[in-house]
Structures are given as structure tokens and as C-alpha cells.
Amino acid sequence: MWSCVKDFFTYETTKSVVVKSWTIGIINRAVQLLIITYFIGWVFVNEKAYQVRDTAIESSVMTKVKGFGIYNNKVMDVADYVTPTQGASVFCIITKMITTENQVQGYCPESEKKYNCTQDSHCTKHRDKSGSYGILTGKCVPFNATIKMCQIKGWCPAEIDTIKTTPMMEVENFTIFIKNSIRFPTFNYTKGNFLTTITQDYIQNCNFDMVNNTYCPIFRVGDVVRYAQQNFTKLANKGGVIGIKIGWICDLDKSDDQCNPSYSFTRLDAMSQKNAVSPGYNFRFAKYYKMENGTDYRTLVKAYAIRFDVLVNGNAGKFNMVPTLINIVAAFTSVGVGTVLCDIILLNFLKGAEQYKAKKFEEFGAEQEVYRRLLELFHRKPLPARLKGSG
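Small disclaimer: the values here were computed from a predicted structure and weren't measured.

Peer 1: What am I meant to see in unusual backbone geometry here?
Peer 2: Negative phi characterises most residues that are not glycine, and trans characterises most peptide bonds. Note the cis peptide between threonine 83 and proline 84, where omega equals -10 degrees. The residue proline 84 is located in the loop between β5 (82-83) and β6 (90-109) in this model. For the bond running from cysteine 156 to proline 157, omega is 0 degrees, close enough to zero to count as cis. The residue proline 157 is located in the loop between β8 (148-156) and β9 (175-184) in this model. Phi is positive for lysine 48, which is not a glycine, with a value near 50 degrees. With respect to the helices, strands and loops of the structure, lysine 48 is situated in the loop between α2 (22-46) and β1 (51-54). Lysine 48 gets classed as partly exposed once you look at its relative accessible area, which sits at 23%. In the Ramachandran plot, asparagine 72 falls in the positive-phi region, its phi being about 55 degrees despite a non-glycine side chain. Structurally, asparagine 72 can be placed in the loop between β3 (69-71) and β4 (74-76).

Quick look at the structure:
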């Protein structure tokens, strides 16, 4: 037990071997310099590893669109072309509409060419299956004076969505007002995209641009499309999805006015640009009415629209002693990589590697100990612990 106690209270140190070599010395210092430069330049200065970071940003977005357009000789205002109407972070501006008026529940011919027929037997195979605009009955009925189509039960007359219409080009000059509030819960820090220097007069007259008005919360639709590197005419004709990204990268060790939003823009449905089957973005909605006799009827609208998604992301950092100490220790520990690299070079690639091994490592086995003890008995005097050769 006493032997174990003595062994416990002992100190062991590594054996140092000084190698006077310009090559190894330069490699060692160069590796150490690179490691120190990495930790100071990248880890501490660029990545700010001395900070604790909060990436769980909480955000609220409110939007408002303004502008008047003309479509089919009608003046369109916000209530006509914006959906949904509650000013959420995702909204659509309708650029083109195909309208089917006075639809009622009943029986009528399909309008898709794939349902062409000349007799009922051509439609029987589709009986009770869903057509493009209703449930197929299996009958072949006249569509006009020359064409027959399979009959459906549903809202009639069936929609014809191949009509060519011109988009509402005034949309390009509409404006989008965005009000964004964020909070970093770890630091209980709140901020909005309205800077303290913004005044009412500035809001009424400014439009966002990347050079002079980087913090203006009012965005012209044409500018947003251009910043997303899209063609407005094509986008208005087929529809699409544009992302307005608000980034909050804040260093809370600096003053409050240094934490400001940055805006970027991108096309989110880039896949639909390359897809000929379903290009762009469109959806349908209906307005319902009731006749005097109580019969329901509706106006069906197929709308092509530019959808805007306001996306908020960000993170904030603030000095904290714990990550600072952890990274300082990691830096000092990593400096030892230079020693490992130099050992590998010395032991394997330079002349005199065997001499370095002999100085660095001492090998002592059980057979050598027995041989040494026998010689001590024979010579009656102690011999060195390490024996070279067998003489």
C-alpha cells in the first residue's frame, strides 16, 4: 500500500532532445507560425470565436403593396390583385387572369383536347373518373358545331385556360412596404428594419437601391425582379416565386447602430424555369354568388402571379469568457503539431535518423536485465543498466 502511495505522488517529465538543424528548425517555426496565424486571423478575428452566438432568431414580418394597374380596361387596385390580403410574409401580386364567368353545377362537355370523341364508347372507359374539370359521365356530347367532347358533371361551362391574355405591366412600378422586427432571445435583444435616422418624409419618398438607399423599407417590384436577375416581362407572363431575404448579422460588442439588416433577392422556383411541363406559378380561386331563385353560381379565375416570400435569417454574437478560454487552450495545444511533424521528418526522411532514434527512445527488455544481473555476480561489481552488444 505504501509503495502505491509513493508511486502516486511522483512526477514524470518528458525527455527533450535538442536537434541543431536549420531544416528542422525552419519547418518547426513555420508550422507554429501558420497555426498561430490561423487562430488569430481566422478563428478569433474572422469567426469571432471569443463570442457566444445566438442563431435562434425570432422574427415578425408585415407587408403592404401599393399601386394601380389596368387589366382588360379595368382599373385594378390592391384588393383586386394581392392575395392573401392580410399582409403576411408570403403574398402574391396577380399579373394575368383567365376568367370563366357564370359557372353553375350541372352537365357540360370537357374542354381539354384529350377528351375528343365521336361516340359514347370513346368515353365509357373514363366513366366515374376525374376529368380536367369534373367527373366524367361516359357520354359523348357536342362541344360546338364541329367537335364532340366527353361529358362531365361539375361546374359548367368548363374552363378554357388556353386563352391568350396580356399581363398587367403596371405591376413593375408597384411598391412593396416591408416592416420587420427581430429578437435574439439569448441576449434579449430586439431591433427593427426602421433605423433611428429614418423620418416620415424619407419613408414617403425613398425606394430601396443597393447603393444609396440600402436601408429603405420600400421596394419597387421591377427593382426586386432585376436584383433577382430575372426578366420582368417573362415573369409577369408565366408567374414565378421571388425571395426577399433579410439578413441580420450582429456583433453586440459594438454599438447598437452597427446591427442593421442586409437585403438580397433570388428566384426561388428556378427549377420551373427549365421545366416545360409546368413553368412559372399560377393558381385558381373563385368568387361565389347566388341567383334570385337561390341557385349558386361563381366566377372562376386562373391567376398568374409573382409570389414574394420574405425570408428572415441571422445570428448575433457577444463576448463570453468560456469560448474564449476554450479556443485559447486549443490554440496552444495545436502549436504542438509542429513537434509531431518534425519528429516524423527526423525519424523517417533525414540522414542520421538512427542516431535520433537512439537519443529519443530507450529500449530496455527483461532479457537484458537478467543478463546484466549475471554479469554483476560474475564481476562482483555493478554494471550500467543499458548494455550494447553481447560481449
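Peer 1: What's the story with the pattern of salt bridges in this structure? I'm lost.
Peer 2: When the charged atoms of two side chains with opposite charge come close together, those side chains can pair. Under the defined criterion, the tally for this structure stands at 10 salt bridges. The salt bridge partner of arginine 183 is glutamate 58, with a shortest N-O separation of 3.0 Å. With a gap of 125 residues between them, arginine 183 in strand β9 and glutamate 58 in strand β2 (residues 58-66) connect regions that are remote in the sequence. Judged by relative accessible area, which is 38%, glutamate 58 ranks as partly exposed. Taking the shortest distance from any N to any O, the salt bridge between lysine 191 and aspartate 256 comes out at 3.9 Å. Here aspartate 256 lies in the loop between β12 (240-251) and β13 (261-267) and lysine 191 lies in strand β10 (residues 189-192), a separation of 65 residues in the sequence.

Peer 1: What should I look at first to understand a nonpolar patch on the surface in this one?
Peer 2: A contiguous nonpolar surface patch, about 720 Å² in accessible area, is contributed by Met1, Trp2, Val5, Phe8 and Phe9. Within the secondary structure layout, phenylalanine 8 lies in helix α1 (residues 2-8). Here phenylalanine 8 falls in the exposed class, since its relative accessible area comes to 63%.

Peer 1: Quick question: what am I supposed to make of the pairing of β8 here?
Peer 2: Successive side chains on a regular strand alternate, one facing one side of the sheet and the next facing the other. In terms of burial, β8 is largely enclosed, as seven of its nine residues are buried. Judged from the six bridges that link them, β6 and β8 form a sheet pairing that is antiparallel. Looking at β8, one finds that valine 104 is bridged to cysteine 156. The pairing of strand β7 (residues 134-142) with β8 spans six bridges and is antiparallel. Bridge pairing in β8 places proline 142 opposite lysine 148. In this structure, the hairpin formed by β7 and β8 is closed by a connection of five residues.

Peer 1: Please clarify how the state of the cysteines should be interpreted in this entry.
Peer 2: A covalent bond between the sulfur atoms of two cysteines is what we call a disulfide. Under the definition given, this model contains five disulfides. Here cysteine 108 connects covalently by a disulfide to cysteine 156, the sulfurs 2.1 Å from one another. What sets the handedness of the cysteine 108 and cysteine 156 disulfide is the S-S torsion sign, and at about -80 degrees it is left-handed. Of this pair, cysteine 108 sits in strand β6 while cysteine 156 sits in strand β8, placing them 48 residues apart in sequence. Going through the protein in sequence order and numbering each bonded cysteine, the pairs you get are 1-6, 2-4, 3-5, 7-8, 9-10.

Peer 1: Sorry if this is basic, but what is going on with the nonpolar core here?
Peer 2: Side chains of nonpolar character tend, in soluble globular proteins, to be buried together. Judged by nonpolar contacts, the single largest core of 54 residues is most densely connected at Tyr81, Ile93, Val221 and Phe308. No other element matches strand β15 (residues 296-319), which puts seven residues into this core. Once residues lying within four places of it in the same chain are set aside, the contact partners of isoleucine 93 are Val65, Tyr81, Val82, Val171, Phe174, Val221, Tyr304, Ala305, Ile306 and Phe308. Ranked by size, the runner-up nonpolar core spans 12 residues in total, among them Cys108, Tyr133, Cys140 and Ile152.

What counts and how
Residues numbered from 1 in each chain as written. Predicted model: local features only at pLDDT ≥ 70, side-chain atom pairs only at ≥ 80, totals over all residues. Heavy atoms only, no water. Helix = DSSP H or I, 4+ residues; strand = E, 2+ residues; numbered from the N terminus. Buried < 20%, exposed > 50% of the residue type's maximum accessible area, 1.4 Å probe, protein only. Salt bridge = Lys/Arg side-chain N within 4 Å of Asp/Glu carboxyl O. Patch = residues over 30% accessible without salt bridge, like charges linked within 9 Å, V, L, I, M, F, W, Y side chains within 5 Å. Areas by Shrake-Rupley, 256 points an atom, 1.4 Å probe, with all protein chains shown as cover. Pairing = 2+ DSSP bridges. Disulfide = S-S within 2.5 Å. Core = buried A, V, L, I, M, F, W, Y, C linked by side-chain atoms within 4.5 Å. Contact = heavy atoms within 4.5 Å.

Keep in mind these values describe shape, not function.
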